[in-house]
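A structural walkthrough
One letter stands for each residue in the lines below.
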Amino acid sequence: MSDQAQEREGRWQAFYRVIRRIPKGRVATYGQIAELAGFPRHARQVGYALHALGRSKPRVPWQRVINAQGEVSQRSAPDGDRLQRAILEAEGIVFGGNGRVDLERYGWRPRRR
DNA sequence: TCCCTGACTGGTT
DNA sequence: AAACCAGCCAGGG
């Protein structure tokens, strides 16, 4: 495998590792994941890595990652976002009337690392 | 190899 | 509040 392919693989794995640490009943933003993984400003790549998960069995709680506005991001797949919201609500997260999650209340705030 | 399209974000206008 | 814009970078045509 080429060096750069390995590097990209490592970047995505780093994202997944961070996402696996998000506790049930909490959410994190794409930018936050990138930052914690050691790749600041790579929020878009986090979205891309998550999109790539779609074609395999995720061992990653992808549903806990939302955008910086506190909303579930839209996808190309029609009902993907609806499903995500349903799962989060089942985990105890409450959406406001504007369809947003209150990040002050439900945002993940990891201690250290 | 160039060009386009994304599960994004923070700063400027 | 809303539109724009520059960083990011993988995959497919």
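Residues numbered from 1 in each chain as written. Chains lettered and ligands numbered in written order. Predicted model: local features only at pLDDT ≥ 70, side-chain atom pairs only at ≥ 80, totals over all residues. Heavy atoms only, no water.

**Regarding helix 2 (residues 30–37)**
Three or four residues apart is the spacing at which side chains of an α-helix point the same way, because the helix has 3.6 residues per turn. Those residues of helix 2 lying buried are Tyr-30, Ile-33, Ala-34 and Ala-37. Around the axis of helix 2, the buried residues are gathered within 95° of arc, so they sit on the same side. Downstream of helix 2 by one or two residues, Gly-38 has phi in the positive range, about 95°. (Buried < 20%, exposed > 50% of the residue type's maximum accessible area, 1.4 Å probe, protein only. Helix = DSSP H or I, 4+ residues; strand = E, 2+ residues; numbered from the N terminus. Arc of directions from axis to C-beta.)

**Some details on the confidence of the model for chain A**
With 88% of its residues at a pLDDT of 70 or more, chain A shows a mean pLDDT of 89. Averaged pLDDT values for the elements of chain A fall to 81 in helix 1 (residues 3–19) and rise to 97 in strand 1 (residues 28–29). (pLDDT = per-residue confidence, 0-100.)

**Quick word on the protein's contact with DNA strand B**
Taken together, the neighbourhood of DNA strand B is formed by 16 residues, with Arg-44, Gly-47, Leu-50, His-51 and Arg-75 sitting nearest. Within the contact set of DNA strand B, a base nitrogen lies 3.4 Å away from a backbone nitrogen or oxygen of Gly-47. A distance of 2.5 Å separates a base nitrogen of DNA strand B from a polar atom in the backbone of His-51. The greatest single-element share of the surface near DNA strand B, amounting to six residues, is contributed by helix 3 (residues 43–53). (Near = heavy atom within 4 Å. Polar contact = N/O pair within 3.5 Å; in protein donor to acceptor, adjacent residues only side chain to side chain.)

**A few points about the packing of helix 2 against helix 3**
Contact geometry of helix 2 with helix 3 gives a least axis separation of 7 Å together with a crossing angle of 100°. Relative to helix 3, the element helix 2 is oriented roughly perpendicular. Residues Tyr-30, Gly-31, Ile-33 and Ala-34 of helix 2 pack against Ala-43, Val-46, Gly-47 and Leu-50 of helix 3. (Axes fitted to C-alpha atoms, helices over the stretch in contact; angles between N-to-C directions. Parallel < 35°, antiparallel > 145°, perpendicular 65-115°, else oblique. Contact = heavy atoms within 4.5 Å.)

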